[in-house]
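Chains, contacts and geometry: an overview
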Amino acid sequence: MNKAQPHISQARPGGALSGSDAVGLARAEITFAVNGAAVSVNVPPLRRLSAVLRDELLLTGTKVGCDAGDCGACTVLVDGDPVCACLMPAASAAGASVTTVEGLANGRLSALQASFLAHGAAQCGICTPGLLVAATALLDKKARPSEIEVQDALGGVLCRCTGYRKIVAAVMDASAQAASLDFRLPRSGHAIGSSPIRLDGVPKVTGGEKFGGDSFPADALAVLVIRSPHYHASFAFGDLDGWAKARPGIAGVFTAADIPGKNCFGVIGPFADQPALAEGLARFRGEAVALVAGEREAMLDLDLSDFPIRWTELPHLLQPCEAQAEGAALIHVNRPANLLTKGFVERGDPETALADAAVTVTGAIETSYVEHAYIEPEAGHAYMDGDTLVVVACTQAPYMDRDDTAKVLGLPVDKVRIVPTATGGGFGSKLDVSLQPLVGLVAMRIGRPAALAYTRNESMMSTTKRHPAQMKATIGADAEGHVTGMIFSGDFNTGAYASWGPTVANRVPVHASGPYATPNYRAEGRAVHTHGPISGAFRGFGVPQATIMQETLYDELAGKLGIDRLDFRLRNCLRNGSETVTGQLLESGVGIAECLDALRPHWARAVADADAFNGANVDKKRGVGIASCWYGCGNTSLPNPSTIRVGIAASGEIILHQGAVDIGQGSNTVITQICADALGLPLENFRLKGADTAITPDAGKTSASRQTFVTGKAAEKAGRALRDEILRFANVSQKASLQLDGPTIIICEGEAIRRVHLGALEADADGFVFRAEETYDPPTLPLDGKGQGKPYAVYGYGAQIAELEVDLKLGTVKLVKITAAHDVGKAINPLLAEGQIEGGIAQGIGMALMEEYIPGRTENLHDYLIPTIGDVPPIETILIEVPDPEGPFGAKGLGEHVLIPTAPAILNAIRHATGIAITKVPATPTRIRAAIRAAIREKEACR
């Protein structure tokens, strides 16, 4: 037995508390100015300025993303200079003048804030305050900065959503932007295709947006989570009650024995396997095993080094090959060979096709864990409202949270209410339950609100990652360059628990062919358990990994055939009338050829530029790469409904119950635009009621690029249904137009005009005089034993070109430009679509070149590298609109697609520049240089 100290989360019950703040320190009266007003606080002198601003002064616009100065979200001005408030002791602010994001607007938006809105530079909004403050300091010194100056000034503030390009443009354009709140919204019938400012945009730039850690009740108990320091260990508790009673301010300690319901949750019911608190056995490093709840100040000074738990470390398996080796111990006794599940698609006779092919290529590629690295760590609180448990937290899936929390806590689902806050990035990881049942348990047992905000370290060690993959494939083509067959297999490390492993295993074989006609095909994806971090959903559900394998082989195949790489893709791409590898007939809406055609002039220019550069340089070489993607929108062959409710109140307001959680992608705005044009009334009349399981119909989870398509279709149906109800009431035809004049609705048809005074009509229980509620579920069909069927109703398509330079001596890569063409069906909001593309590309850059999560080593934003503002090159976006008749106004999903081609395009560009293929991603300088050296040695050996 050993008594290793458990990993302890450091609760931030006010949104910014840290374990470095000691209650035992003497307090001091500290006076300074904040946003022009004198303030005085009585706090320990070493308390972080970020904590003082947030917890004492309630200025929660200053965000806390790391408490280490790595993310810059807490940037404030101190005497005009930008500083990280999480690194500054309160005592150092004495006598100083501090400006937070709340102080940038004096009654109306500053020019910079207005410019951020106009350019779409704020997506989720969690990093926006830090960026605005840092940019304000720059603009105070130079009104018209260059791009390099903007990058230098904002280089310490990380953003995970935008890709930075619109941020740079907004800062450079701020001097020309009129400071005004008067942003015009499109008139009736013209919302689709326009780019009004985000309907939720103003709070993002003023600091008024409330994220998970921004609204904790003043009397909330702080919660700490005891986590396993081992990959695999058994454990036993000592005298928990005695330990708690000996420490003033501790309200309780909770373990799995205190959970009243079924101690098991999971996003896919049949595979659910994860305990909220482990029961005697921890299966991964960071697994939650116990909770400590107490008064806020007592928890700051709590020493948990002697917490009564004894650990017995057990052998662990971190790689799929180890977990599937003969005789390997089972991580879950009911899953032989540690196989969670596998997906399979087969069509035709791939072996014969490959044997008869004029040319074949074979390859293997390994990818790494990738961390979501959203700037907002998980945060939320819970309280009892009568006999109903209310959980207020950041999430992507409120109804899923409700169901799992109810199950774990033994409550009926109607006695659990989930109220999502603004979510500071998600990208898939906030689909899974995290703190919801934990704070819920404390609130239920003690009868007081309970609050928890994960530290950055805790978030990174305990939440889901992108699946590492080990893949191999063979592709063959005939002499004319038509692909004839493909065989693919991949092992995906799903970690200790299931999470979204089944979705990855099943989605990968459907997509591993890429958007190309492949008449003979076999693909298998396996989700394998290990003791590594849990792998879950991350923008693409395994398709980005599989696309790296397929697209890099396509380049090799084109090279062997002597065919231009873009032409080779055009020769093989899916078109209207094609059948996919699952046998699905694509009757219309296939836009991949249009994407590739749109890139043709950019391709010719880029290749010519590379040839000229390489002729003039020896130590650096330029490469150009291309890659394509396709992605099925929504669940794979499963029900996937969304419901939207919309009504007109007696006041004339149009109330849209919009339950699709907006995590930065813009669903609050896009879905309202769709509903507005379907109804025929302008956006300015709409008021949103956001996701809340007590009042808003279930719009489904925010994932799989489904919200614009699925919830947007429900919004279109609801808008049309509401319009029909009004027209029937007025006894007019569909040709009539609608207008609102305060509490009066005006119906015009030809020369006839009818005015309906809404206040004279009877309102229902929701206050609506007219209402509609509609549900949409995409038409799909199950896959049979060979993976044949109709897994998705709508696919999105895209292609990207990457231009870069490789330093052959150092192995470093400098990105020059990325050109992206994406078929969105119909661009509901072109500016938001561009922002999604740029943000996805930035994440694809990270996956390709720098992001590699290593358990125990990269559990912070200092050691784990994500792209900064200087790492993202100019991006040219080409929006292709090939309408799909199933989508709302022809629209398709976009969010996942935009990341998928970036990494393979970059890898293909590296190969074009150097002649070497990278077989382990990310392509770090060390790996690139090693591959170059190996190629040199091989060439010398052949002489």
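Each value, and the rule that gives it
- Counting restarts for each chain: residues are numbered from 1 in the order of the written sequence.
- Note on the predicted model: pLDDT of at least 70 is required for a residue's local features to be given, and 80 or more for side-chain atom pairs to be given and counted; whole-chain, interface and lining totals, by contrast, use all residues.
- Where side-chain values are given, they derive from all heavy atoms of the structure, hydrogens and water being excluded.
- For the purposes of this entry, the term helix denotes a DSSP run of H or I that reaches at least four residues, the term strand denotes a run of E that reaches at least two, and both are numbered from the N terminus.
- We take the radius of gyration over the C-alpha atoms and set the globule estimate at 2.2 Å times the residue count to the 0.38 power.
- Contacts are assigned to residue pairs that have any heavy atoms within 4.5 Å of one another.
- All accessibility values rest on the Shrake-Rupley procedure with a 1.4 Å probe; residue burial counts only the protein chains present in the view.
- In this charge count, Lys and Arg are treated as positive and Asp and Glu as negative; neither His nor the chain ends contribute.
- By convention, charge coordinates are those of NZ in Lys, CZ in Arg, CG in Asp, or CD in Glu.
- Working definition: with a 1.4 Å probe on protein chains only, accessible area under 20% of the residue-type maximum means buried, over 50% means exposed, and in between means partly exposed.
- Counted as a polar contact is a pair of N or O atoms within 3.5 Å, where, for protein atoms, one must be capable of donating a hydrogen and the other of accepting one, and residues adjacent in sequence contribute only when both atoms are in side chains.
- The rule for pairing is simple: two strands pair if DSSP sees at least two bridges between them.
- Put simply, the grid is 1 Å and covers the protein atoms alone, a cavity is a trapped set of points that fit a 1.4 Å probe, a pocket is an open set with protein on both sides within 12 Å along at least five of seven lines, and lining residues have an atom within 4 Å of a point.
- Grid points are joined across faces, edges and corners, and a volume is the space filled by probe spheres set on the points.
- A fitted line through C-alpha atoms serves as each axis, taken over the contacting stretch for helices, and the angle formed by two N-to-C directions is quoted from 0 to 180°.
- Residues are grouped as follows: Ala, Val, Leu, Ile, Met, Phe, Trp, Tyr, Cys and Pro are nonpolar; Asp, Glu, Lys and Arg are charged; every other residue, Gly included, is polar.
- Any helix carries an expected span of 1.5 Å times its number of residues minus one.
- The arc in question is the one traced by the directions running from the helix axis out to the C-beta atoms.
- For this analysis, a salt bridge means a side-chain nitrogen from Lys or Arg found within 4 Å of a carboxyl oxygen belonging to Asp or Glu.
- Note on terminology: angles under 35 degrees are roughly parallel, angles over 145 are roughly antiparallel, angles of 65 to 115 are roughly perpendicular, and the others are oblique.
- Handedness of a helix crossing follows the sense of rotation of the near helix relative to the far helix, less than a right angle counterclockwise being left-handed and clockwise being right-handed.
- Two aromatic rings, drawn from Phe, Tyr or Trp (for Trp, its six-membered ring), form a pair once their centres lie within 6.5 Å of each other, and the interplanar angle then sorts them: stacked below 30 degrees, edge-to-face above 60, tilted otherwise.
- Criterion for a charge above a ring: Arg CZ or Lys NZ at most 6 Å from the ring centre, at most 35 degrees from the ring normal.
- Criterion for a disulfide: a pair of cysteine sulfur atoms within 2.5 Å.

This part is about the overall build of the chain. On a plain count of helices and strands, the chain comes out with 22 helices and 34 strands. Taken against the 2.2 N^0.38 rule, which gives 30 Å for 943 residues, the C-alpha radius of gyration of the chain at 28 Å falls within 12% of a compact globule. By principal-axis analysis of the C-alpha atoms, the chain measures approximately 90 × 80 × 60 Å. Residue pairs in contact within the chain that sit at least 24 positions apart in sequence constitute 78% of those at least 6 positions apart. Total accessible area on the chain is roughly 31500 Å²; 51% of this is exposed by carbon and sulfur atoms. Of the charged side chains in the chain, 85 are positive and 102 negative; the average position of the first set lies 2 Å away from that of the second.

Inspection of the secondary structure puts Asp-555 in helix H15 (residues 543-561). Judged by relative accessible area, Asp-555 falls into the buried class, the value being 7%. In this structure the side chain of Asp-555 is engaged in a polar contact, spanning 2.9 Å, whose partner is the side chain of Arg-569. Once residues lying within four places of it in the same chain are set aside, the contact partners of Asp-555 are Arg-565, Arg-569, Ile-626 and Asn-908.

This part covers unusual backbone geometry. For the bond from Val-921 to Pro-922, the omega torsion is 15 degrees, close enough to zero to count as cis. Phi at Ser-499 is positive, roughly 45 degrees, even though this residue is not glycine. Examined against the element boundaries, Ser-499 turns out to sit in the loop between strand S22 (483-495) and helix H14 (501-511).

Looking now at the pairing of strand S29 (residues 744-749). In terms of residue burial, S29 counts as a mostly covered element, since five of its six residues are buried. In textbook terms, the turn of a hairpin is the stretch between consecutive antiparallel strands, and for strand S28 (residues 737-741) and S29 this stretch comprises two residues, one of which, Gly-742, has a positive phi near 60 degrees. Bridge analysis of S29 against strand S30 (residues 752-757) gives six bridges, and the strand direction is antiparallel. Looking across to S30, one finds that Glu-749 is bridged to Ala-752.

All told, the structure shown has seven cavities of 30 Å³ or more when counted by the stated rule. In this model, the largest cavity occupies a volume close to 560 Å³. Lining the largest cavity are 39 residues; nearest its centre among them are Gln-665, Thr-708, Gln-836, Leu-894 and Gly-895. Going through the elements one at a time, helix H18 (667-679), helix H19 (707-730) and helix H20 (830-849) are the ones with two or more residues in the lining of the largest cavity. Looking at the lining of the largest cavity, the element that brings in the most residues is H20, giving four residues.

Let's shift gears to the sheet that holds strand S14 (residues 359-366). Read across the open sheet, the five strands follow the order S13-S23-S22-S21-S14; overall the sheet is mixed. Across the chains shown, the open sheet's two edge strands, defined by having one partner strand only, are strand S13 (339-347) and S14. Pairs of neighbouring strands in the sheet enclose a mean axial angle of 5 degrees, with direction left out of account. The sheet contact formed by strand S21 (residues 469-477) and S22 spans nine bridges and is antiparallel.

Moving on to the layout of surface pockets. Of the voids in this model, the largest pocket is the one considered here, and its volume is about 810 Å³. Taken together, 40 residues make up the lining of the largest pocket; nearest its centre are Ile-268, Thr-503, Asn-635, Thr-636 and Leu-638. Mapped onto the lining of the largest pocket, the elements with two or more residues apiece are S13, helix H11 (398-409) and H14. For the lining of the largest pocket, the residue count by class is 20 nonpolar, 14 polar and six charged.

Spatially, five strands are ordered S3-S2-S6-S4-S5 in an open sheet, and the strand pairing comes out mixed. Both edges of this open sheet fall to strand S3 (37-43) and strand S5 (81-84), since each of them pairs with a single strand only. Taken over all neighbouring pairs, the strand axes of this sheet differ in orientation by 40 degrees on average, direction set aside. In this structure, strand S4 (residues 75-78) lies alongside S5, joined through four bridges in antiparallel fashion. Within S5, the position partnered with Val-76 by the bridge is Val-83.

Looking now at helix H22 (residues 925-941). With 17 residues, H22 should reach 24 Å at 1.5 Å per residue; the first-to-last C-alpha distance of 24 Å fits that figure. Where H22 is concerned, the buried positions are Ile-928, Arg-929, Ala-931 and Ile-932. Seen along its axis, H22 keeps its buried residues to an arc of 160 degrees; they face one direction. Set apart from the buried face of H22 by more than 90 degrees, the exposed residues are Thr-926, Arg-937, Glu-938 and Ala-941. Tucked into the core, H22 has its buried residues touching strand S32 (795-807), strand S33 (813-823) and helix H21 (902-914).

Enumeration according to the criterion identifies 58 salt bridges in this entry. Here Glu-351 ties to Arg-522 by a salt bridge, and the two come within 2.5 Å at their closest N and O atoms. Taken as a pair, Glu-351 in helix H10 (residues 350-356) and Arg-522 in strand S23 (residues 520-529) lie far apart in primary sequence, 171 residues in all. Among the ionic pairs, Lys-920 bridges to Glu-366, the shortest N-O distance being 3.9 Å. Of this pair, Lys-920 sits in the loop between H21 and H22 while Glu-366 sits in strand S14, and the two are 554 residues apart along the sequence.

Quick look at helix H4 (residues 147-154) now. Among the residues making up H4, those that are buried are Val-150, Gln-151 and Leu-154. Taken down its axis, H4 places every buried residue within 100 degrees of arc, on the same side. Residues of H4 that are exposed and point more than 90 degrees away from the buried face comprise Ile-148 and Asp-152. In this structure, the buried residues of H4 make contact with helix H3 (128-141) and helix H5 (165-172).

Here H4 crosses H5 at 110 degrees, and the two axes come no closer than 10 Å. Comparing their axes, H5 and H4 come out roughly perpendicular. Viewed along their axes, H4 and H5 form a crossing whose handedness is right-handed. In contact with Glu-147, Val-150, Gln-151 and Leu-154 of H4, H5 contributes Arg-165, Ile-167, Val-168, Val-171 and Met-172. Here the contact of H4 with H5 is composed, by residue class, of six nonpolar, one polar and two charged.

Take the packing of aromatic side chains next. Summed over all chains, the structure comprises 13 aromatic pairs. Where Trp-500 meets Phe-541, the ring centres are 5.6 Å apart and the plane angle is 65 degrees; that geometry is what we call edge-to-face. Here Phe-541 lies in the loop between S23 and H15 and Trp-500 lies in the loop between S22 and H14, a separation of 41 residues in the sequence. As far as burial versus exposure is concerned, Trp-500 and Phe-541 are alike and both buried. Following the ring pairs from residue to residue traces out a cluster consisting of Phe-235, Phe-237 and Trp-311. The lysine or arginine in question, Lys-430, covers the ring of Tyr-374, its NZ or CZ lying 4.2 Å from the ring centre. The ring of Tyr-853 carries Lys-465 above its face, with NZ or CZ at 4.8 Å from the centroid.

Bringing the packing of H18 against H19 into the picture now. One way to put it is that H18 packs onto H19 with a least axis distance of 7 Å and a crossing angle of 30 degrees. Considering the angle they form, H18 stands roughly parallel to H19. Seen along the crossing, H18 lies across H19 with a hand that is right-handed. Note on element contacts: H19 touches H18 through Gln-707, Thr-708, Thr-711, Gly-712, Ala-715, Glu-716, Gly-719, Arg-720, Leu-722, Arg-723 and Ile-726, opposite Val-670, Ile-671, Ile-674, Cys-675, Ala-678 and Leu-679. Along the lines of polarity and charge, the residues of the contact of H18 with H19 split into nine nonpolar, five polar and three charged.

Looking now at the state of the cysteines. All told, the structure shown has zero disulfides when counted by the stated rule. Distance from the sulfur of Cys-127, which forms no disulfide, to the nearest cysteine sulfur (Cys-159) is 3.5 Å. The structure places no disulfide on Cys-633, whose sulfur is separated from the nearest cysteine sulfur, that of Cys-629, by 10 Å.

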